[in-house]
Amino acid sequence: MAEKKKRDHFGSKIGIIAAAVGSAVGLGNIYRFPCMAGENGGGAFLIVYLGIVLALGLPMMVSEFMIGRRAQKNPVGAFKALAPDAKGWALIGYTGVLCGFLILAFYTTVAGWTLESVYKSVINYYHGKDLATIEQGFNDSINMIFRPLLWQAVFIFISAFVIAKGISKGIEKYSKILMPTLTVILIILCVKSLMLPGAFEGLKFFFKPDFSKIDDQVLISALGQAFFSMSLGMGALITYGSYISKKDNLVTTSLMVGLSDTFVAILAGIIIFPAAFSFGIQPEAGPSLAFNTLPMLFNQMKGGYFFCLLFFILLVIAAWTSALSLLEVIVSYMIEELKLSRRKATIYSSVGAFIISILATMSLHNGSSLTVFGLTIFDGLDKITSMVFMTLGGLFTVIFLGWKVKKQDFENEFTNGGTVNMRLRKIFYYIIKFIAPAAITVIMVSQFII
Ligand code: PHE
């Protein structure tokens, strides 16, 4: 028998919430969510997104926490431990680890842009510039060879540094104060954005659903975005679940995490769309939405220099805490299954992710031939991870929990041994066993039929 080592645990309930919110809130909320909403009809996307978060995202989050806490293991080890007679289920864990690498690869590219924006804020680059110049500057910096890679390397390095130090000493300490600060800044920005001329059009775009726009593309994009934003379907929350105390109520924890994540995404929408409409940036503009609209907004504000700098620093930190959870999936797997030291596991995983991220970044250069199926490697990684890996991962995770784990164990874990959530347990079981798998399957299959 393998010897039982004492697992590192989150020091407190607030620690796990902070760490899980840290994982969930990141570039997915402030960069990716507006891109997706902008491409998929604004209000129509928002309403589908909210429906998916409530009906699928939250139950999924509880499920991943349950699996992790029950098994006390990394995602691969967790499926093996809970289904010792059917080791094939561990494939969900392996694809999660792979997915972690792939997400990190394009995530660090975007984190690199964020660091570049911090740099530009420091040197007061944005001051007094018009939109065309700021956009040109953004495109130019994407097309540079070494600078983006340097930022990425910095980002990976600071992430690896915390991961190497271990769970409670690392992640918890950094997440607790910084996420609330980010939220306060976002609220100030909302007010500013709503005061711009023409802001109302943007607000209408974001909140007024045009139901005729809801199609298979909107559904799968919203599903992918919900999973991406809530860090679901690839083992991050299984890993964090394994560090949660047996006494914590997984339902209330998930509610706090899921709702905070959604709140931040909505705030981002309320800032970005009114400002984008006011400045004449198209909602389909992609990265420009966050990286060019916001500097324009700061330019209009008193104390813009300070807010711009603070905002981009906090965005780096939000990205950082998310990257930590991605790395932790890979690292905990390498430590427990491959028996590597934490230090070695951290070095292998961060260097591996960095190498793939070089390809993602280079694929965005003008005229680059680094494409797959007509998409740049960057876009390909972004699409395949959220729309395929995470949705399939989520699907099989709920199937596993609903059909493979014993009902007795399921209820035990969900109710902390019969002490909490007693009334919810039947309906929750039903959702996990039937509704969630059916809903995810329908959304995935609809793409091929329509
Ligand atoms: N949820 C993070 C974000 O919104 C990204 C992420 C995905 C983190 C999957 C961990 C796992 O930025």
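Rules used throughout
Residues numbered from 1 in each chain as written. Predicted model: local features only at pLDDT ≥ 70, side-chain atom pairs only at ≥ 80, totals over all residues. Heavy atoms only, no water. Helix = DSSP H or I, 4+ residues; strand = E, 2+ residues; numbered from the N terminus. Contact = heavy atoms within 4.5 Å. Areas by Shrake-Rupley, 256 points an atom, 1.4 Å probe, with all protein chains shown as cover. Lys, Arg positive; Asp, Glu negative; His and termini not counted. Charge placed at Lys NZ, Arg CZ, Asp CG, Glu CD. Salt bridge = Lys/Arg side-chain N within 4 Å of Asp/Glu carboxyl O. Buried < 20%, exposed > 50% of the residue type's maximum accessible area, 1.4 Å probe, protein only. Core = buried A, V, L, I, M, F, W, Y, C linked by side-chain atoms within 4.5 Å. Disulfide = S-S within 2.5 Å. pLDDT = per-residue confidence, 0-100. Near = heavy atom within 4 Å. Polar contact = N/O pair within 3.5 Å; in protein donor to acceptor, adjacent residues only side chain to side chain. Nonpolar A, V, L, I, M, F, W, Y, C, P; charged D, E, K, R; others polar. Phe/Tyr/Trp six-rings, centres within 6.5 Å; stacked < 30°, edge-to-face > 60°. Axes fitted to C-alpha atoms, helices over the stretch in contact; angles between N-to-C directions. Parallel < 35°, antiparallel > 145°, perpendicular 65-115°, else oblique. Left-handed = near helix turned anticlockwise from the far one by under 90°.

Draft legend 1. The overall build of the protein chain, seen in detail. Along the protein chain, the regular secondary structure elements total 19 helices and two strands. Principal-axis analysis of the C-alpha atoms gives the protein chain an extent of 65 × 50 × 40 Å. Sequence-distant contacts, at least 24 apart, represent 82% of the contacts inside the protein chain between residues at least 6 apart. Per element, the accessible surface of the protein chain, about 18,000 Å² overall, is 68% carbon and sulfur. Put simply, the protein chain has 37 plus and 25 minus side-chain charges, and the middle of one group is 10 Å from the middle of the other.

Draft legend 2. Representation of the pattern of salt bridges. A complete count under the given rule lists twelve salt bridges for this structure. Residues K213 and D210 are paired through a salt bridge, measuring 3.8 Å at the closest nitrogen-oxygen approach. The partner of E413 in a salt bridge is K246, with the nearest N and O atoms 3.9 Å apart. Of this pair, E413 sits in helix α18 (residues 407-414) while K246 is found in the loop between α11 (236-241) and α12 (250-279), placing the two residues 167 residues apart along the sequence. Residue classification places K246 among the partly exposed positions, given a relative accessible area of 46%. Within the structure, one salt-bridge network assembled from shared partners comprises R69, R70, K246, D409 and E413.

Draft legend 3. Broad picture of the nonpolar core. I103, F298, F311 and F312 are the most contacted members of the largest nonpolar core, which totals 155 residues. Element by element, the count of residues in this core is highest for helix α15 (residues 304-337), at 22 residues.

Draft legend 4. View of the state of the cysteines. By the definition in use, this model includes zero disulfides. No disulfide involves C35; its sulfur sits 18 Å from that of C190, the nearest cysteine. No disulfide involves C99; its nearest neighbouring cysteine sulfur is the one of C35, lying 19 Å away.

Draft legend 5. Here's a closer look at unusual backbone geometry. Here N124, not a glycine, exhibits a phi torsion of approximately 55°, which is positive. Turning to its location among the elements, N124 is positioned in the loop between α5 (90-122) and α6 (131-143). Of note, the phi angle at K339 is positive, near 60°, even though the residue is not glycine. Summarising the element assignment, K339 is placed in the loop between α15 and α16 (342-362).

Draft legend 6. The arrangement of the confidence of the model for the protein chain in detail. With 96% of its residues at a pLDDT of 70 or more, the protein chain has an overall mean of 93. The secondary-structure element of the protein chain with the lowest mean pLDDT is helix α8 (residues 167-194), recorded at 80, while helix α3 (residues 43-71) shows the highest, at 98.

Draft legend 7. Expanded view of the site of the ligand. Contacts to the ligand come from 17 residues, most closely from A24, G28, Y107, F228 and S231. L27 has a polar backbone atom sitting 3.2 Å from an oxygen atom of the ligand. Taking F228, its main chain carries an N or O atom lying 2.8 Å from a nitrogen atom of the ligand. Relative to its free-state accessible area of 330 Å², the ligand is covered by the protein chains to the extent of 100%. Those elements that place two or more of their residues in the shell around the ligand are α1 (13-24), α2 (27-39), α5, α10 (216-229) and α15. Taken together, the residues of the shell around the ligand sort by class into nine nonpolar, eight polar and no charged.

Draft legend 8. Molecular detail of the packing of aromatic side chains. Applying the stated rule across the entire model yields 31 aromatic pairs. Note on F79 and F400: the rings are 4.8 Å apart at their centroids and 70° apart in plane angle, and the pair reads as edge-to-face. Linking F79 in helix α4 (residues 75-82) with F400 in helix α17 (residues 377-404), this pair joins segments that are 321 residues apart in sequence. The same class applies to F79 as to F400, namely buried. Counting every residue linked through ring pairs, the aromatic cluster contains Y31, F106, Y107, W113, F138, F228, F291 and F378.

Draft legend 9. Geometry of the packing of helix α7 (residues 146-165) against α15. Their axes nearest at 9 Å, the elements α7 and α15 cross at an angle of 60°. Between α7 and α15, the crossing angle belongs to the class labelled oblique. Taken as a pair, α7 and α15 cross one another with a handedness that is right-handed. Across the interface between the two elements, F155, I158, S159, A160, V162 and I163 of α7 pack against V316, A319, W320, A323, L324, L327, E328 and V331 of α15. Each residue belonging to the contact of α7 with α15 can be placed in one class, and the counts come to twelve nonpolar, one polar and one charged.

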